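Understanding the architecture of this molecule
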Amino acid sequence: MAFEDLDLMEKAERIRDKALELLYAEAMSGHGVDEQFRRLAGIPAKLRPFTRLPNPEHFNGPIEQLEMVAKTLSTGSSGYMANPWLNLSDVGNDIASWNGPAARAFRTNFVAPFPAIAHNQFLLVCALKSALEAEKALWEAARKDIASITSAAYRALERMDASDDMSVEYFLKVVAAAAALSAIPFAGGLAVMRVAAIGASAQFGGVIASRIPPKTDRIRGANVLEFVESLERAIFFATDAIIETEDRIRTTVTELHKEVLRHVAKPSMGRNWFCARRPALADSSKQTIRRDMGYTE
Amino acid sequence: MPTDHGTDLGIDLFELYDVGSHKLPELATEYSIAAVGIATATAQATPLFTRPSEFGGVNGPLGPEWLSFSKTVGWLLDQTAKNLDDTGRALVMAADAYAEADDAAKRKFDQLKHEPPMR
């Protein structure tokens, strides 16, 4: 079977066996091989964690679920049609002439800012969705990266006994996977209630503004030991790139979450950027409701 | 107070009742659906962050943060739904309370309540 058609652990074993062949050849020429045997035997174990990466396809379920929530909360911006049920303007008209303190507060603090709050809530859902899309892209890229590394390793071994230059390039595309975060419609979209502060601090789009290009390196070595070291280094780089990229996604999510919590917790602002402030009317009793609504006999 | 008594008050009370018993609960339902959607997405996503510990720990750097953020967003939507529902109940209570104090208004109010809905 061709190398590219093997699964990851079969590739790992094929690389190990090919390297062993070469090592035997080196041993026959008198080189010390104990250390090299030990390192070679460890190649499958180094690659085994990559067989248990999260499946990118599994992210489709929650992404689709969040897409449905975004549509439910859409007031008609950012590419989604408006949900016609998400409208309080009729309510404002119907109670326009009720002038008790709670009725006035309800109009001012609840009805009037409602469209902006709904839009901000919509953007938070989009942020959740974009973070999962970035995570999905990360695992798709990670699988391609490890396939690139194993292909480069095997081709390098094939060249080792036939050529002086056995180095073969591989790529690490995972470092660019956070680009999916740019899908978040934060650019200017949060301005409705001066929520632009979030866009400035969390910088969802800004995280990937520099579009980090795929990193490349080469598997190389003048002998089997150097080859093994080069392969181990490539596996380390691939692992590190996954952690680093996911940490960039985490930073973006954490910053936005902190910003939301700051506004929710701040007493002077109440919850009125992301959650309609609880109207006093909601706490009216049979004894107070007539006064609250402005009834004067 | 728009109209202090009689048939006209009954009409005003019916508008209040309509907001409280239909419009706000319908809006609250949209928010409840959204909150359930967030809870479902959170439950679906929870196992997806699991991976071999070599990759930043068994839940990775993002898992706990994303799940915490999604719970906050779900809470915000849930609170909005609750506020809308409670406000609706208060408006129905207000309409009933006014009607009890004015016979003519109550007659008109009851009549409108039992007519087929316009929507």
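Residues numbered from 1 in each chain as written. Chains lettered and ligands numbered in written order. Predicted model: local features only at pLDDT ≥ 70, side-chain atom pairs only at ≥ 80, totals over all residues. Heavy atoms only, no water.

For interface size, the figure often reported is the accessible area lost on association. At the interface, 72 residues of chain A touch 56 residues of chain B. Counting each side, the surface lost to burial between chain A and chain B is near 5,600 Å², with a carbon and sulfur contribution of 73%. Of all residues in chain A, the largest losses of buried area upon contact with chain B belong to Trp98, Leu128 and His257 of chain A, amounting jointly to 12% of the total for that side. Across the pair Glu246 of chain A and Arg51 of chain B runs a salt bridge whose closest N-O atoms are separated by 2.8 Å. For the pair chain A and chain B, the number of links is eight residue pairs in polar contact (both at pLDDT 80 or more). Where the side of chain A that touches chain B is concerned, the elements lending two or more residues are α4 (60–72), α5 (89–94), α6 (101–111), α7 (114–160), α9 (224–265) and α10 (289–293) of chain A. By residue number, the principal contributor to the side of chain A that touches chain B is α9 of chain A, which donates 14 residues. Here the side of chain A that touches chain B is composed, by residue class, of 43 nonpolar, 16 polar and 13 charged. (Contact = heavy atoms within 4.5 Å. Buried area = accessible area lost by both parts, 1.4 Å probe. Salt bridge = Lys/Arg side-chain N within 4 Å of Asp/Glu carboxyl O. Polar contact = N/O pair within 3.5 Å; in protein donor to acceptor, adjacent residues only side chain to side chain. Helix = DSSP H or I, 4+ residues; strand = E, 2+ residues; numbered from the N terminus. Nonpolar A, V, L, I, M, F, W, Y, C, P; charged D, E, K, R; others polar.)

This paragraph deals with the pattern of salt bridges. Enumeration according to the criterion identifies 15 salt bridges over all chains in this entry. Note that Asp247 of chain A and Arg250 of chain A form a salt bridge whose closest N and O atoms lie 2.8 Å from each other. On the criterion of helical spacing, the pair formed by Asp247 of chain A and Arg250 of chain A is a turn pair, its members being three residues apart in helix α9. Overall, the relative accessible area of 21% leaves Arg250 of chain A in the partly exposed class. Notably, a salt bridge pairs Asp96 of chain B with Lys113 of chain B, separated by 3.8 Å at the nearest N-O pair. Taken together, the residues span a long stretch of sequence, with Asp96 of chain B in helix α2 (residues 62–100) and Lys113 of chain B in helix α3 (residues 103–113) at a distance of 17 residues. Residues joined in a network through salt bridges with shared partners are Arg39, Glu229 and Glu232 of chain A. (Buried < 20%, exposed > 50% of the residue type's maximum accessible area, 1.4 Å probe, protein only.)

For the rest of this paragraph, the subject is the nonpolar core. The biggest cluster of nonpolar side chains holds 120 residues, and the ones touching the most others in it are Phe227 and Met293 of chain A together with Tyr31 and Trp66 of chain B. It is α7 of chain A that provides the largest number of residues to this core, a total of 25 residues. Setting aside chain neighbours within four positions, we find Phe227 of chain A in contact with Ile15, Ala19, Ala153, Ala156, Leu157, Met160, Met166, Ile219, Arg220 and Gly221 of chain A. (Core = buried A, V, L, I, M, F, W, Y, C linked by side-chain atoms within 4.5 Å.)

For the rest of this paragraph, the subject is the packing of α7 of chain A against helix α1 (residues 6–45) of chain B. Relative placement of two packed helices is described by the angle separating their axes and the distance separating the axes. With their axes 12 Å apart at the nearest point, α7 of chain A and α1 of chain B run at an angle of 15° to one another. What the angle tells us is that α7 of chain A and α1 of chain B run roughly parallel. You can see that α7 of chain A and α1 of chain B cross each other, and the crossing is left-handed. In this structure, α7 of chain A contributes Phe114, Ala118, Gln121, Val125, Leu128 and Leu132 of chain A to the contact, and α1 of chain B contributes Leu27, Tyr31, Ile38 and Ala45 of chain B. Residues that form the contact of α7 of chain A with α1 of chain B fall into these classes: nine nonpolar, one polar and no charged. (Axes fitted to C-alpha atoms, helices over the stretch in contact; angles between N-to-C directions. Parallel < 35°, antiparallel > 145°, perpendicular 65-115°, else oblique. Left-handed = near helix turned anticlockwise from the far one by under 90°.)

Moving on, we get to the side chain of Ser284 of chain A. Considering the arrangement of structural elements, one finds Ser284 of chain A in the loop between α9 and α10. Residue classification places Ser284 of chain A among the buried residues on the basis of a relative accessible area of 10%. If we ignore the near neighbours within four places in the chain, the residues touching Ser284 of chain A are Ile289 and Asp292 of chain A together with Met93 of chain B.

A word on the confidence of the model for chain B. A residue-level look at chain B finds 92% of positions with pLDDT of 70 or above and a mean pLDDT of 88. Model confidence for the complex is summarised by a pTM of 0.83, with the ipTM given as 0.88. (pLDDT = per-residue confidence, 0-100.)

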